[in-house]
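Tertiary structure, described
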Amino acid sequence: MCGIVGIIGHEFKVAELIEGLKKLEYRGYDSAGIAATNGSQLIVTKSVGRVDSLKNVIEEEKVVKSGIAHTRWATHGAPNDTNAHPHTDCSGKIAVVHNGIIENYQELKTELIKRGHKFKSETDTEVISHLIEENFKGNLFQAVLDTLKILKGAFAIAVIHSDIPNVMVGARKGSPLVVGCNDKYCVLASDVTPIIKYTRDVIFLEDGDVVYIEGNKIKITDFSGNTLIRKHTHITWDESAAEKGGFKHFMLKEIHEIPEAIESALVGRIDSNYTPSLHELDEFNLERVKRILLVACGTSYHAGLVFKYFAEKYLDVDVLIDVASEFRYRPIKITEDTITIAISQSGETADTLESVRAVKKAGGKVIAISNVVGSTITRESDVTLYMNAGPEIGVAASKTYVNQLVLLYLLGLYIIKKRDLWNQEYSEIVKQIVESPKTLKGIISNKEIEDVADNYKNYHHFMYIGRGINTATALEGALKLKEISYINAVGYPAGELKHGPIALLDPKFPVFAFAPKDSLYEKMRSNIEETRARNARIVAVATQGDEEIKKIAHDVIYVPEAHEDLYPLIFAPVIQLFAYYIADKRGYDPDKPRNLAKSVTVE
Ligand code: AGP
């Protein structure tokens, strides 16, 4: 997820584009750049780091006629001045900014290089500027239309040409794009935050829309150039609300971004036979792995725990998982058939980083799973599976946890495929993962979760219980509630209660129980009855159609039926929303919980 903005219509200072970028910085902040034209030449300035670094190297007072700008969240190519956007063509006259992922960029790039194009960056985006150059015969709009036809993936783009300063072209497929005009200017942007200063009447472009802007007039068409009519929306939000997309907090916004985040995680990773293709792992011969070391902290550790259950169920491997703060001080045994997986959304967590270094020192190979391109853990690991969840502002992990689960399921399925163990059941699991954006969208819009949370906002203790693969869900649910509502929440394997924890239970100590219709359902039911016998109030998360559970739980949150090993994915937004609403109703700011940091870079 990156932020793009373009301004055109009347002369303006470059400072306007900088200001627009600042408002989009929450969408990505590892590098930024601007391309602007005054009608004779294209001025391109780019810088690694936040928008302020760009501000320090650009002439803000310079007056231009049109310009596009970008703040980046890298997916292809580490954050540096060359990979920063905008990207230009060989003539240096065409500039493009892009938010999204071009899936078929490699084959397009190979073809363009054969035709003599010179590429400067490692990005997927640069193919767009060279393709437009290929198609340009004096009409920028037509050149963009011809280019759009061959692009695969998700994109929102803005394009200018230095010789045509009164024209800008934008297009969207999968990534958001908004346009708004007043009597002097038109502004094109990833969201309304940079636009509401100019006008509060905007058009949210839809997938497949192209916007042709000439001066302060716009025309909207489809990818074939057929004119489309789009209605205006009047924006009432203030800027901070706009940054949150109208949501009260970033955490709630990021939970609602889960479907889109999963889509981005799946881009280019499921082939036409519905099997996982993780080409970046092909050289690691994972089919021969017998021992997997998993190292992570906090929520990432819980995602790893889900992988342990999944991999040990379907693969003849030993998965040894440990919290990084312990792992780094224990003797590390690396054998021929050992691979290490380090999970870290930030890619900077000190304990996980030192664990990676310890494994490397012991001669081991490390696969990183991370959300931040160019982060230290990704640079020091042998290969990285990027989560592509986009920046997560809320300290409590939400969409990144979901994308970690999706990648870890794909990793397990990838090894199954490499071992020729594939069968219909795995195709069904992949199918349900591919459909999960829709499934989770339905769960996220389930208002019942807030109503149930309202019943529990005044408790000071909470116990989360689950069995099998949902033991990890119980631990994660407890962590989510702990870290943003400051309730003393504990998570346990349900079968462990009678060995001590059940002593805690009484009417003031409610229980959150994961009771999907899976092979451990009956066991889970009896554990719930045990807790009920201690007068604990019970919330059960259960599979739609399970009427029996209502007899033993005080509140029930239903989710659609799923493959039994995918319930951690299905339950993720439930535990996140439940914790979010309780924290919000207790008057806390879930985005900035006390005593916590988004990335723990100290030991
Ligand atoms: C989760 O909500 C917390 N922010 C925290 O437990 C986090 O998961 C942990 O610090 C690990 O962070 P990482 O994934 O960036 O390494």
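For every chain, the first residue of the written sequence is number 1, and numbering continues from 1 onward in sequence order. For a predicted model such as this one, the threshold for reporting local features is a pLDDT of at least 70, and the threshold for listing and counting side-chain atom pairs is 80 or more; totals across whole chains, interfaces and linings nevertheless cover every residue. In computing side-chain properties, one takes all heavy atoms of the structure into account and sets aside hydrogens as well as water.

Along the backbone of the chain there are 18 helices and 24 strands. Each of the three principal axes of the chain carries a C-alpha extent, and together these read 80 × 55 × 45 Å. For the chain, the proportion of its 603 residues judged to be buried stands at 59%. In the chain, of all internal contacts separated by at least 6 residues, the share reaching a separation of at least 24 is 71%. Of the roughly 22,600 Å² that the chain leaves accessible, carbon and sulfur atoms contribute 49%. Put simply, DSSP marks the helices as runs of H or I at least four residues long and the strands as runs of E at least two long, and each gets a number from the N terminus on. Here the term buried applies to any residue with accessible area under 20% of the maximum for its type, exposed to any over 50%, and partly exposed to those in between, with areas from a 1.4 Å probe on protein chains only. Two residues form a contact once any of their heavy atoms are found within 4.5 Å. The protein chains shown are the only cover counted for residues, whose accessible areas, like all others here, come from Shrake-Rupley with a 1.4 Å probe.

What follows covers the state of the cysteines. Disulfides are covalent bonds that link the sulfur atoms of two cysteine residues. Any two cysteine sulfur atoms lying within 2.5 Å of each other are counted as a disulfide. One pass over the structure, following the stated rule, counts one disulfide. Here cysteine 181 engages in a disulfide with cysteine 186; their sulfurs sit 2.0 Å apart. A torsion of 105 degrees about the S-S bond marks the disulfide between cysteine 181 and cysteine 186 as right-handed. For cysteine 181, a relative accessible area of 23% corresponds to the partly exposed category. You can call cysteine 186 buried: its relative accessible area is 1%.

All right, on to the nonpolar core then. Ranked by internal contacts, the top residues of the largest apolar core, which has 93 residues, are Leu286, Phe462, Tyr464, Phe512 and Phe578. Once residues within four sequence positions are removed from consideration, leucine 286 is found in contact with Leu281, Ile339, Ile367, Leu411, Tyr414, Ile415 and Arg419. Side-chain atoms within 4.5 Å link the members of a nonpolar core, which is a set of buried Ala, Val, Leu, Ile, Met, Phe, Trp, Tyr and Cys residues. Counting residues in each nonpolar core, the second largest holds 28 residues, with Ile94, Phe141, Leu145 and Val159 among its members.

Now for the environment of lysine 360. Inspection of the secondary structure puts lysine 360 in helix α11 (residues 350-361). The class of lysine 360 is partly exposed, set by a relative accessible area of 32%. For lysine 360 and arginine 288, which are 72 residues apart along the polypeptide, the C-alpha to C-alpha distance reads 19 Å. The contacts of lysine 360, once residues within four sequence positions are left out, are Val366, Glu380 and Asp382.

Attention now moves to the packing of helix α13 (residues 399-418) against helix α14 (residues 424-444). Close contact between α13 and α14 brings their axes to 10 Å; oriented N to C, the two are set at 165 degrees. One way to sum up the angle between α13 and α14 is to call them roughly antiparallel. In the crossing of α13 with α14, the sense of the turn from one axis to the other is left-handed. Here Val402, Val406, Tyr409, Leu413 and Ile416 of α13 come into contact with α14, specifically with Tyr426, Ile429, Val430, Ile433 and Leu440. Across the contact of α13 with α14, the residue classes break down as ten nonpolar, no polar and no charged. Helix axes are fitted to C-alpha atoms over the stretch in contact, other axes to C-alpha atoms as well, and angles between N-to-C directions run from 0 to 180 degrees. Reported orientations rely on four angle classes, namely roughly parallel under 35 degrees, roughly antiparallel over 145, roughly perpendicular from 65 to 115, and oblique for the rest. For any helix crossing, the convention is left-handed if the near helix is rotated counterclockwise from the far helix by under a right angle, and right-handed if that rotation is clockwise. Each residue is assigned to one class: nonpolar for Ala, Val, Leu, Ile, Met, Phe, Trp, Tyr, Cys and Pro, charged for Asp, Glu, Lys and Arg, and polar for all the others, Gly among them.

Take the sheet that holds strand β9 (residues 178-181) next. Read from one edge to the other, the open sheet built from eight strands follows the order β3-β2-β4-β1-β10-β9-β11-β14, with strand pairing classed as antiparallel. The open sheet has two edge strands with one neighbour each: β3 (42-48) and β14 (233-234). Two strands are counted as paired when DSSP detects at least two bridges linking them. Inspection of the sheet shows strand β1 (residues 3-13) paired to strand β4 (residues 63-72) by eight bridges, in the antiparallel sense. Bridge pairing in β4 places glycine 3 opposite threonine 71. In the packing of helix α1 (residues 14-24) onto the sheet, contacts are made with β1, β2 (31-37) and β4, and the angle to β1 comes to roughly 155 degrees.

The next subject is helix α18 (residues 567-585). Expected helix span is given by 1.5 Å per residue-to-residue step, counting one fewer step than there are residues. Taking 1.5 Å of rise per residue, 19 residues should cover 27 Å, and α18 covers 27 Å from first to last C-alpha, within 8% of that figure. Among the 19 residues that make up α18, 18 are buried, leaving the element largely enclosed by the rest of the structure. Backbone geometry just after α18 places glycine 587 at a positive phi near 85 degrees.

This part covers the packing of α14 against α18. Closest axis-to-axis distance for the α14/α18 pair is 9 Å, and the angle between their directions is 30 degrees. Judged by the angle between their axes, α14 and α18 are roughly parallel. Of the two possible hands of crossing, α14 and α18 adopt the one that is right-handed. Only Leu569, Ile570, Pro573, Val574 and Leu577 of α18 make contact with α14, whose side of the interface consists of Ser436, Thr439, Leu440, Ile443 and Ile444. Each residue belonging to the contact of α14 with α18 can be placed in one class, and the counts come to eight nonpolar, two polar and no charged.

Bringing the site of the ligand into the picture now. By convention in these notes, a residue is near a molecule or strand provided one of its non-hydrogen atoms lies within 4 Å of it. Near the ligand there are 15 residues, and of these Ser300, Ser344, Ser346, Thr349 and Glu483 occur at the shortest range. Here threonine 299 contributes a backbone N or O atom positioned 3.0 Å from an oxygen atom of the ligand. The contact in question runs from an oxygen atom of the ligand to an N or O atom on the side chain of threonine 349, over 2.5 Å. Computed on the free molecule, the ligand has an accessible area of 410 Å², of which 91% lies beneath the protein chains in the complex. Here a polar contact is recorded for every N or O atom pair within 3.5 Å, except that within protein the pair must consist of a potential hydrogen donor and a potential acceptor, and residues adjacent in sequence are included only if both atoms are side-chain atoms.

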